Amino acid sequence: MRLIDEGLERLNSKIIKMANLSRETVELAVKAYLNNEKLTDKIFYNSETLRILQDEVSELAVELIARYQPVASDLRYIKSCMEIAYGFSRFGRYAYDIMQVLEVFGDLSVCDNVNIIKAYDIVSKMIDLSIDAFLNRDFDKAMLVEKMDDEVDSIYEAHITNLVKEKYENLNCAVAATLILRYLERIADHASYIAESVLYIIKGERRPRK
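Residues numbered from 1 in each chain as written. Predicted model: local features only at pLDDT ≥ 70, side-chain atom pairs only at ≥ 80, totals over all residues. Heavy atoms only, no water.

## Some thoughts on the nonpolar core
Here is step 1: By size, the foremost hydrophobic cluster in this structure holds 69 residues, and its most contacted members are Y33, F88 and L184.
Here is step 2: Y33 has contacts with I98, M99, V101, L102, L108, N113, I116, A176, A177 and I180, leaving out every residue within four places of it along the chain. (Core = buried A, V, L, I, M, F, W, Y, C linked by side-chain atoms within 4.5 Å. Buried < 20%, exposed > 50% of the residue type's maximum accessible area, 1.4 Å probe, protein only. Contact = heavy atoms within 4.5 Å.)

## Comments concerning the side chain of S89
Here is step 1: Its location among the elements puts S89 in helix α3 (residues 72–105).
Here is step 2: Classification of S89 by relative accessible area gives buried; the value is 8%.
Here is step 3: Discounting chain neighbours no more than four positions away, the residues touching S89 are M18, L50, R51 and Q54. (Helix = DSSP H or I, 4+ residues; strand = E, 2+ residues; numbered from the N terminus.)

## Description of the packing of aromatic side chains
The relation between two aromatic rings is expressed through the spacing of the ring centres and the mutual angle of the planes.
Here is step 1: With the rule as written, the count across this model stands at 4 aromatic pairs.
Here is step 2: Positioned over the ring face of F139 is K203, at 5.2 Å from the centre of the ring. (Phe/Tyr/Trp six-rings, centres within 6.5 Å; stacked < 30°, edge-to-face > 60°. Lys NZ or Arg CZ within 6 Å of the ring centre and 35° of its normal.)

## Here we look at α3
Here is step 1: A rise of 1.5 Å per residue sets the reference length of α3, with its 34 residues, at 50 Å; its end C-alpha atoms lie 50 Å apart and thus fit the reference within 8%.
Here is step 2: Taken from the residues just after α3, G106 is the one with a positive phi, measuring 75 degrees. (Expected span 1.5 Å × (residues − 1).)

## Let's talk about unusual backbone geometry
Here is step 1: For N36, which is not glycine, the phi dihedral falls at a positive 55 degrees.
Here is step 2: Residue placement: N36 occurs in the loop between α1 (3–34) and α2 (40–68).
Here is step 3: Taking the relative accessible area as the measure of exposure, N36 reaches 26% and is therefore partly exposed.
Here is step 4: Although it is not a glycine, Q69 sits at a positive phi angle of roughly 45 degrees.
Here is step 5: Inspection of the secondary structure puts Q69 in the loop between α2 and α3.

## Section: the environment of I180
Here is step 1: When you line up the elements, I180 lands in helix α6 (residues 171–203).
Here is step 2: When the C-alpha atoms of I180 and V123 are compared, they prove to be 12 Å apart, with 57 residues separating the residues in sequence.
Here is step 3: Apart from residues no more than four positions distant in its own chain, I180 is found in contact with Y33, I98, V101 and I116.

## Quick notes on the packing of helix α4 (residues 114–136) against α6
Here is step 1: Here α4 crosses α6 at 20 degrees, and the two axes come no closer than 9 Å. Of the possible angle classes, the one that applies to α4 and α6 is roughly parallel. The handedness of the crossing between α4 and α6 is left-handed. Residue-level contacts link N115, I116, A119, Y120, V123, M126, I127, S130, A133 and F134 of α4 to A177, I180, L181, L184, I187, A188, A191, S192, I194, V198 and I201 of α6.
Here is step 2: In terms of residue class, the contact of α4 with α6 is built from 18 nonpolar, 3 polar and no charged. (Axes fitted to C-alpha atoms, helices over the stretch in contact; angles between N-to-C directions. Parallel < 35°, antiparallel > 145°, perpendicular 65-115°, else oblique. Left-handed = near helix turned anticlockwise from the far one by under 90°. Nonpolar A, V, L, I, M, F, W, Y, C, P; charged D, E, K, R; others polar.)

This is a description of form; function is not addressed.
Shown next as structure tokens:
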């Protein structure tokens, strides 16, 4: 075993821990929102934990680069881990933002959440696929995540179009849905960026970002 391998394994373990916590946090936030249940403190704690883990990943990555001066695939992996950790950290931040909508608007139980549920179903699959793509270095799953990002964009854009054209009786519901869909759209973007980093690990080439 090479000296760097132990550090790479520690890095991988931290990323896996972030992956599982970020997935759990987004699911918890969206379900809490749909059930009109305030879990702000719990989501904030998870978000802060993810931020701390991101810092730990960055510090370990810099240490590995400084100590071992890795090249080729090792260097690609270390750099990509920093980007992936940032993506998982952002999942936590947007999950917290989702909870803040309930804090600001209060009871939203009368709102129609069809578009939110539709967008979340896609986002949830994107998160799972991006994690699986990283764990298994799966090129096909990483590519699928990038394609699914367009579906979430379409739901969000259609909502904005309808918002302009139609007169909503419940303004709170309209604004809240806009914010939630925006946060889900941003989570989808970061899932796509994670998939992009996985492709870089596998292929060693950067793809143009949308």
